[in-house]
Amino acid sequence: MIGFNALLRREIRRFLIIWVQTILGPLTAAFIYELIFGYVFRNVSTGIEGVTYATFLVPGLIIMQVMINSFANTSSSLIQSKYNGNIVFLLMSPNSPALVILAYLVAAIVRGIVVAFAVFIGVCWFSSVMPYSFLISMFFLIIGAAICGGLGIIVGIVSVNFDQIAGFQSFIWTPLIYLSGIFYNVNSFAPLWRNLAYFDPILYIVEGFRYGFIGEATINLTFGTIYLLFLAVLINFIAYVLFKRGVKIKY
Amino acid sequence: MSYALEIENVSKKYKDFVALDNINFKIEQGDFVGLLGVNGAGKTSLIFSIAGINKFSGKIRVMGYDVVKDEIKAKLSMGIVPQEVAIDSFLTVHQTLKIQSGLYHVQNNEKWIDEILERLSLTDKKNTNTRALSGGMKRRLMVAQALVHKPPLIILDEPTAGVDVEIRKNFWEFITDLNHQGHTILLTTHYLEEVDKLCQKIIVLNKGKAGKQQTKHEFMNQSFSFDKTLQVTLVNATVPNELKQKVLNQQQNTYILELASDDDIINILNLFRQQNIKIENIEINHKSLEDIFMQHLGR
Ligand SMILES: Nc1ncnc2c1ncn2[C@@H]1O[C@H](COP(=O)(O)OP(=O)(O)OP(=O)(O)O)[C@@H](O)[C@H]1O
Ligand SMILES: [Mg+2]
């Protein structure tokens, strides 16, 4: 437990020390999205009775930053350690691989929560929306951060440089995010895209989180919850196996 | 009592390249052992295998614990200073050592941390960000990191590279004290005077193969040949071809020549006279550790 705490503290300090980039950055980005899209699309129907576009966008923007930041926390920490060589200290340390992965994961979730509050402060001016159920929002926030944090661990382990992480972000991450109904109700997509979007796990994270805010969802959340729990376990198990085997870390 | 370190049939390949070829040796508790070898001999590969950083075949035990089966206990029993400087840049010296302590399951060791910092001449840098340390200071911080949990086995992979003379002296006093308190030390360094002064036993690695472990005394007295050398400084000349294979070491016009017997001295001097080579200075010396090391490697 002491080893876990030390690692967790290190990972949390790592992002707090660069708070301008890790906390103020997401806050500003979300503020600008809300300012521009909230205004430009102010007359767009959200497909949900009594919910304005500005209100619809608030939870979407928060959870988007949560996902981006929890992914960035684990992937950049690992790639940096590999790059500057101090990953050897992690490998030498007397802590089981499961504990190490868990510490990285919890740090990613903590960053997700901190960023969520920061972004909320940035966008709460545009709509009077308050969580309908804080617990439900929190549940989807944590599971979203766990999936993205776990994905970050995998990408951090298998990438050999920062370019590969950037590649992952532009070719896999960005399309998934834009298919996920952060900016639009997916039911308004053309049928092909809508059916594709139903496979996108991020859709369920966004919809679940938004449900916690406005008390309405545009898709079936029971299936979504099971799908997300399954993915969170699977992804983090893969991360654990890769780290334990030392893929691209141990030679 | 278990051995501090047991290496049994350890081999290590990087793809097809054999870096360690069936290494076997045991180090007793309380020993101070020098692991010698030229660049690329396999020292770091062996240390990384012990540390749990490299995959390998064979068996390694630290304080009796198998580093694979009893990984956690084995890792708690050793402290390693890696050769490459690598430190988190977002922490101060003190934070680095607190987190390192936590990683080794140690709490409330402020007094010991202060003592380590004092002995490694880092006290005035305690609250400095690691980014603001000089190269030699960073290396000393890595030594401090390896010691936070008072490990029974301390492994130092070139700990003094880039550390200045005065601090190096303090550093070795500290390590020697730890050794006297019962810590086992395994050291690699390219400064052979350090090995000569500090180590009781010596293991030579050569192209992935380990020689027999010897006491320093045995190592110095092994009879490759006669134990004296002839040092000559020549005036504007190189040694004649006939003597080339006797050269152990050369610095500009000064040569250290291996001797087969006392008669050899006369033969060599005669050769110089025949070829009209002028000698500026001449000394007869006992072999240094370095001479023997070079001979050991078969050059
Ligand atoms: N990750 C790696 N991949 C491939 N080959 C490697 C790797 N690490 C080391 N080697 C090779 O293994 C051999 C032994 O290297 P090692 O680092 O163990 O030597 P060393 O004795 O520590 O040398 P030095 O005195 O320079 O530190 C070298 O030929 C090196 O090129
Ligand atoms: Mg080395």
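In what follows, the accompanying structure is described. (Residues numbered from 1 in each chain as written. Chains lettered and ligands numbered in written order. Predicted model: local features only at pLDDT ≥ 70, side-chain atom pairs only at ≥ 80, totals over all residues. Heavy atoms only, no water.)

### Points about the packing of aromatic side chains
Then, in step 1: Applying the stated criterion across every chain yields a total of 21 aromatic pairs over all chains.
Then, in step 2: Here Phe37 of chain A and Phe41 of chain A contribute two aromatic rings whose centre-to-centre distance is 5.7 Å and whose plane-to-plane angle is 40 degrees, an arrangement assigned as tilted.
Then, in step 3: A relative accessible area of 25% means that Phe37 of chain A is categorised as partly exposed.
Then, in step 4: The class of Phe41 of chain A is partly exposed, set by a relative accessible area of 29%.
Then, in step 5: Here the aromatic rings of Tyr204 of chain A and Tyr227 of chain A are separated by 5.5 Å at their centres, their planes lie at 90 degrees, and the arrangement is edge-to-face. Here the residue Tyr204 of chain A occupies a position in helix H9 (residues 201–214), and Tyr227 of chain A occupies one in helix H10 (residues 221–245), the gap between them amounting to 23 residues.
Then, in step 6: Classification of Tyr204 of chain A by relative accessible area gives buried; the value is 4%.
Then, in step 7: Given the relative accessible area of 21%, Tyr227 of chain A is considered partly exposed.
Then, in step 8: Members of the aromatic cluster, connected to one another through ring pairs, are Tyr33, Phe37, Phe41, Tyr53, Phe56, Phe183 and Tyr184 of chain A.
Then, in step 9: When the ring centre of Tyr14 of chain B is taken as reference, the NZ or CZ atom of Lys12 of chain B above it lies at 4.9 Å.
Then, in step 10: The ring centre of Tyr191 of chain B lies 4.3 Å from the NZ or CZ of Arg168 of chain B, which sits over that ring. (Phe/Tyr/Trp six-rings, centres within 6.5 Å; stacked < 30°, edge-to-face > 60°. Buried < 20%, exposed > 50% of the residue type's maximum accessible area, 1.4 Å probe, protein only. Helix = DSSP H or I, 4+ residues; strand = E, 2+ residues; numbered from the N terminus. Lys NZ or Arg CZ within 6 Å of the ring centre and 35° of its normal.)

### With respect to the coordination of the magnesium ion (ligand 2)
Then, in step 1: Listed as protein donors to the magnesium ion (ligand 2) are Thr44 of chain B (OG1) and Gln83 of chain B (OE1); their distances from the metal cover 1.9 to 2.1 Å. With Thr44 of chain B in helix H1 (residues 43–51) and Gln83 of chain B in the loop between strand E6 (78–81) and helix H3 (93–103), this residue pair connects regions lying 39 residues apart in the sequence. (Donors = N, O, S within 2.8 Å, 3.2 Å for Na, K, Ca; no water.)

### Side note on the site of ligand 1
Residues and elements named next belong to chain B.
Then, in step 1: Residues in close proximity to ligand 1 total 14 residues, the closest being Gly40, Lys43, Thr44, Ser45 and Gln83.
Then, in step 2: Residue Asn39 places a side-chain N or O atom 2.9 Å away from an oxygen atom belonging to ligand 1.
Then, in step 3: Isolated, ligand 1 exposes 640 Å² of accessible area, and the fraction of that covered by the protein chains is 65%.
Then, in step 4: When contributions to the shell around ligand 1 are tallied by element, the ones reaching two or more residues are strand E2 (17–27) and H1.
Then, in step 5: When residues of the shell around ligand 1 are assigned to their parent elements, the largest contribution, three residues, is made by H1.
Then, in step 6: Residues that form the shell around ligand 1 fall into these classes: five nonpolar, seven polar and two charged. (Near = heavy atom within 4 Å. Polar contact = N/O pair within 3.5 Å; in protein donor to acceptor, adjacent residues only side chain to side chain. Areas by Shrake-Rupley, 256 points an atom, 1.4 Å probe, with all protein chains shown as cover. Nonpolar A, V, L, I, M, F, W, Y, C, P; charged D, E, K, R; others polar.)

### Some points on the layout of surface pockets
Residue and element names in this part refer to chain A.
Then, in step 1: By volume, the largest pocket amounts to about 540 Å³.
Then, in step 2: Lining the largest pocket are 32 residues; nearest its centre among them are Arg14, Ile18, Gln21, Ser76 and Gln80.
Then, in step 3: Broken down by secondary-structure element, the contributors of at least two residues to the lining of the largest pocket are helix H1 (2–16), helix H2 (19–40), helix H3 (53–84) and helix H7 (162–178).
Then, in step 4: The biggest single contributor to the lining of the largest pocket is H3, with 12 residues.
Then, in step 5: In terms of residue class, the lining of the largest pocket is built from 13 nonpolar, 14 polar and five charged. (1 Å grid on protein atoms, 1.4 Å probe; cavity = no way out; pocket = protein on both sides within 12 Å on 5 of 7 lines; lining within 4 Å. Points joined across faces, edges and corners; volume = space filled by probe spheres on them.)

### Here we look at H2 of chain A
In an α-helix, one turn spans 3.6 residues, which is why side chains three or four residues apart end up on the same side.
Then, in step 1: Helix length check: H2 of chain A (22 residues) gives 30 Å between terminal C-alpha atoms against 32 Å at 1.5 Å per residue, within 8%.
Then, in step 2: Looking at H2 of chain A, one finds that the buried residues are Thr22, Ile23, Pro26, Ala30, Glu34 and Gly38 of chain A. (Expected span 1.5 Å × (residues − 1).)

### Focus on the nonpolar core
Then, in step 1: Of all hydrophobic cores here, the largest spans 151 residues; its most connected members are Ile62 and Met67 of chain A together with Leu5, Ile7, Ile50 and Val62 of chain B.
Then, in step 2: Summarising the domain contributions, this core has at least three residues from each of domain 1 (3–220) and domain 2 (228–296) of chain B.
Then, in step 3: Those residues in contact with Ile62 of chain A that lie beyond four places of it in its chain are Ala116, Val119, Phe120, Val123, Phe209 and Phe213 of chain A.
Then, in step 4: Core analysis: the next-biggest nonpolar cluster, separate from the first, contains 15 residues, Ala237, Leu243, Val247 and Phe272 of chain B among them. (Core = buried A, V, L, I, M, F, W, Y, C linked by side-chain atoms within 4.5 Å. Domains from an automatic or database assignment. Contact = heavy atoms within 4.5 Å.)

### What to know about the side chain of Ser75 of chain A
Residue and element names in this part refer to chain A.
Then, in step 1: Looking at the secondary structure, you find Ser75 in helix H3.
Then, in step 2: Accessibility expressed as a relative area gives 2% for Ser75, which makes it buried.
Then, in step 3: Among residues more than four places away in sequence, those in contact with Ser75 are Gly152, Gly156 and Ile165.

### Concerning a nonpolar patch on the surface
Residues and elements named next belong to chain A.
Then, in step 1: A grouping of Phe31, Ile32, Leu35, Ile36, Tyr39, Val40, Ile121 and Trp125 is seen on the molecular surface, where their side chains present a nonpolar patch of about 850 Å² in accessible area.
Then, in step 2: Looking at the nonpolar patch element by element, the count peaks at six residues for H2.
Then, in step 3: By secondary structure assignment, the location of Trp125 is in the loop between helix H5 (97–123) and helix H6 (134–158).
Then, in step 4: Judged by its relative accessible area of 64%, Trp125 falls in the exposed class. (Patch = residues over 30% accessible without salt bridge, like charges linked within 9 Å, V, L, I, M, F, W, Y side chains within 5 Å. Salt bridge = Lys/Arg side-chain N within 4 Å of Asp/Glu carboxyl O.)

### Quick look at the sheet that holds strand E5 (residues 65–66) of chain B
All names here are of chain B.
Then, in step 1: Reading across the sheet, the four strands line up as E2-E1-E4-E5 and stay open at both edges, with antiparallel pairing between neighbours. For this open sheet the edge positions go to E2 and E5, each flanked by a neighbour on one side alone.
Then, in step 2: Across seven bridges, the pairing between strand E1 (residues 5–14) and E2 is antiparallel. Its bridge partner being in E2, Lys12 is matched across the sheet by Leu20.
Then, in step 3: Contacts from H1 reach E1, E2 and strand E4 (57–62), with the element oriented near 115 degrees to E1. (Pairing = 2+ DSSP bridges. Axes fitted to C-alpha atoms, helices over the stretch in contact; angles between N-to-C directions.)

### Observations regarding the interface of chain B and chain A
How big an interface is tends to be reported as the loss of accessible area on association of its parts.
Then, in step 1: With 30 residues of chain B at the interface, the matching set in chain A holds 23 residues.
Then, in step 2: When chain B packs against chain A, the two sides together hide about 2500 Å² of surface, and 63% of this comes from carbon and sulfur.
Then, in step 3: A per-residue breakdown of the area chain B buries against chain A is headed by Ile53, Phe90 and Leu103 of chain B, which together make up 26% of the total.
Then, in step 4: Ionic pairing is found between Asp88 of chain B and Arg10 of chain A, a salt bridge with its closest N-O pair at 2.6 Å.
Then, in step 5: Run the count over chain B and chain A and you get 10 residue pairs in polar contact (both at pLDDT 80 or more).
Then, in step 6: Breaking the side of chain B that touches chain A down by element, the ones donating at least two residues are E1, H1, helix H2 (71–76), H3 and helix H5 (135–147) of chain B.
Then, in step 7: The element best represented in the side of chain B that touches chain A is H3 of chain B, accounting for five residues.
Then, in step 8: In terms of residue class, the side of chain B that touches chain A is made up of 18 nonpolar, eight polar and four charged. (Buried area = accessible area lost by both parts, 1.4 Å probe.)

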